[in-house]
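# Secondary and tertiary structure notes
Single-letter residue listing:
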Amino acid sequence: MSKPSSSNQCEEADTANLTIACDALYLCACAIKGTLADPQRLERIDSEALWDFADRQSILGCVAMALPLEHMEQSERWQKALAIYSRRALLLDAERNRIFAWLDEQGIRHSQLKGSLMKDYYPALGMRYMADNDFWFDSQHANELRAFMEASGYMCESFNHGVHDVYLKQPLLNFEPHYSLFSESKYPKWHRYFRDALSQAPVMESTECEARMSMEDFYLHHICHAAKHLWGSGTGVRALVDEMVMLKRFSSTLDWQLIQQRCKQLDVAVLEAQFRRVAQLFLDGKVFVSHDLQEQDNRLLQVMALANTYGTIQQQILNKLDNIRKQTDGSATDRKIRFIYVWKRLFPPLSDMAEWIPVLRTWPVLYPAVWVFRMARFLIAPPRWKKMLSELSTIRKH
């Protein structure tokens, strides 16, 4: 008997991954609607593959809520996952409330962001995994916040780099205070829109300084954030689960005409319509296998199913190569595209470098010196060589 070709093996693996993705999203839809899964469909699901996929995609808690546990193998681990998700959410909530109380006392304007709010729209505690908590604050007070966080036992892992700082505290506390929601140099439209949305957002009645964007702007941020990851390193199916939650909870109250208008302004209209279409199909129980989706929706699900929760470095490289191809109107050869990619990696634009190296914001003339330092650091750090070799390998295969 002849040995199966590697391409056939890849196709079979992709098909199996799409099948389990459809099964997982079906279960998430059941949980969001407050129903249990059909036992007959459960009988056809590979329980081990389901666990591995849900774990990789950080949707264990949501899937667990739809399972009649007597029908699943090793039911204790699903219950344990739900308990862990719940504990993380409660600990992060309690600590965020303490931080926000201090911000209120200091008169510093701030706002909850992303998953820390999204999780509250799920039907039950523990359904959404929380790796960290993001919030926006008035960055003029970054040094004051840093002093408070470090006095509270946090380690500052990143400060004044990119669009947010990072504070860690063992065993699991992780906070990312944002200066802005998106990079001004990479996503200027999104940066300006959400800068204005946050500055104009009303302060909640029960607080001194906590602002809250409108639900339409919260939804738009959900879409733009998903787009940033999808078009960058990729993103997992949890973004579609969040979409299902938003549709189930707010579809009748959101101003869809306004949302569609703003999506066009922000260049995410096509993706938003696709997300909404796919999510609604799962909520309506109309997807049993990926072939039940339109071709472009099937491709979207395939990309998301193959990614981890936060995507992969390989996908990020492939997306950058594709963007270069689009910027050259598809006329550039593969060799030229690879050359442009490597050139940009060696000599990144000043605007990109300044986001991560604050001194360049004030002294751009120091770019050559910073470039030399960057290359020297690369040469003396073997782990960076391995990353480079892996990157070059991906480029050659594209």
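Remember, predicted model here, so these are calculated numbers, not experimental data.

Our focus in this paragraph is the overall build of the protein chain. Along the backbone of the protein chain there are 19 helices and five strands. Burial status across the protein chain gives 48% buried among its 398 residues. The contacts of the protein chain with a sequence gap of at least 6 include a subset with a gap of at least 24, amounting to 68%. Working note: accessible area of the protein chain is about 20600 Å², and carbon and sulfur atoms make up 54% of it.

Moving on, we come to the pairing of strand β2 (residues 133-137). Within β2, five of the five residues are buried, which leaves the element mostly enclosed by the surrounding structure. Of the two faces of β2, the one carrying N133, F135 and F137 and the one carrying D134 and W136 are both buried. Judged from the three bridges that link them, strand β1 (residues 110-112) and β2 form a sheet pairing that is antiparallel. Residue S111 lies in a different strand from β2, and its bridge partner there is W136. Across four bridges, β2 lies against strand β5 (residues 173-178) in parallel orientation. Along β5, the bridge assignment pairs F135 with P177.

To continue, consider the packing of helix α12 (residues 269-283) against helix α13 (residues 295-306). Contact geometry for α12 and α13: axes closest at 11 Å, N-to-C directions at 85°. In terms of their interaxial angle, α12 and α13 are classed as roughly perpendicular. Of the residues in α13, those touching α12 at Q274, F275, R277, V278 and F282 are Q296, D297, L300, L301 and M304. A breakdown of the residues in the contact of α12 with α13 according to their chemical character gives six nonpolar, two polar and two charged.

Time to look at the side chain of E243. Its location among the elements puts E243 in helix α10 (residues 238-250). No salt bridge is formed by the buried E243; its nearest oppositely charged neighbour, R276, is found at 5.1 Å. The contacts of E243, once residues within four sequence positions are left out, are Y219, H222, I223, F275, R276 and A279.

Between helix α9 (residues 215-230) and α12, whose axes approach to 10 Å, the crossing angle comes to 100°. Regarding the angle of α9 to α12, the classification is roughly perpendicular. Here α9 contributes Y219, I223, A226, A227 and L230 to the contact with α12, which in turn contributes L271, E272, F275 and R276. Along the lines of polarity and charge, the residues of the contact of α9 with α12 split into seven nonpolar, no polar and two charged.

Buried within helix α7 (residues 142-151) we find A142, L145, F148 and M149. The buried residues of α7 occupy one face: seen down the axis, they fall within an arc of 125°. Away from its buried face, by an angle of more than 90 degrees, α7 presents the exposed residues N143 and A151. The inward-facing, buried residues of α7 abut α5 (75-106), β2, β4 (166-169) and β5. Looking at the residues trailing α7, positive phi occurs at G153, about 95°.

This part covers the packing of aromatic side chains. Under the criterion given, the structure shown has 16 aromatic pairs. For the ring pair F100 and F135, a centre distance of 5.3 Å and an interplane angle of 85° mean the geometry is edge-to-face. Remark: F135 occurs in strand β2 and F100 occurs in helix α5; sequence separation between them is 35 residues. One residue, R41, lies across the ring of Y26, its end atom 4.1 Å from the ring centre. Note that R96 overlies the ring of F100, its terminal NZ or CZ placed 5.9 Å from the centroid.

On to the sheet that holds strand β3 (residues 155-158), then. Backbone hydrogen bonds hold the strands of a sheet together, and the pairing may be parallel or antiparallel. Reading across from one edge, β1-β2-β5-β4-β3 is the order of the five strands in this open sheet, with mixed pairing throughout. Both edges of this open sheet fall to β1 and β3, since each of them pairs with a single strand only. Ignoring strand direction, the axes of neighbouring strands in this sheet form an average angle of 30°.

Criteria and cut-off values
- Residues numbered from 1 in each chain as written.
- Predicted model: local features only at pLDDT ≥ 70, side-chain atom pairs only at ≥ 80, totals over all residues.
- Heavy atoms only, no water.
- Helix = DSSP H or I, 4+ residues; strand = E, 2+ residues; numbered from the N terminus.
- Buried < 20%, exposed > 50% of the residue type's maximum accessible area, 1.4 Å probe, protein only.
- Contact = heavy atoms within 4.5 Å.
- Areas by Shrake-Rupley, 256 points an atom, 1.4 Å probe, with all protein chains shown as cover.
- Pairing = 2+ DSSP bridges.
- Axes fitted to C-alpha atoms, helices over the stretch in contact; angles between N-to-C directions.
- Parallel < 35°, antiparallel > 145°, perpendicular 65-115°, else oblique.
- Nonpolar A, V, L, I, M, F, W, Y, C, P; charged D, E, K, R; others polar.
- Lys, Arg positive; Asp, Glu negative; His and termini not counted.
- Salt bridge = Lys/Arg side-chain N within 4 Å of Asp/Glu carboxyl O.
- Arc of directions from axis to C-beta.
- Phe/Tyr/Trp six-rings, centres within 6.5 Å; stacked < 30°, edge-to-face > 60°.
- Lys NZ or Arg CZ within 6 Å of the ring centre and 35° of its normal.

Without other data, these values stay purely geometric and don't point to any function.
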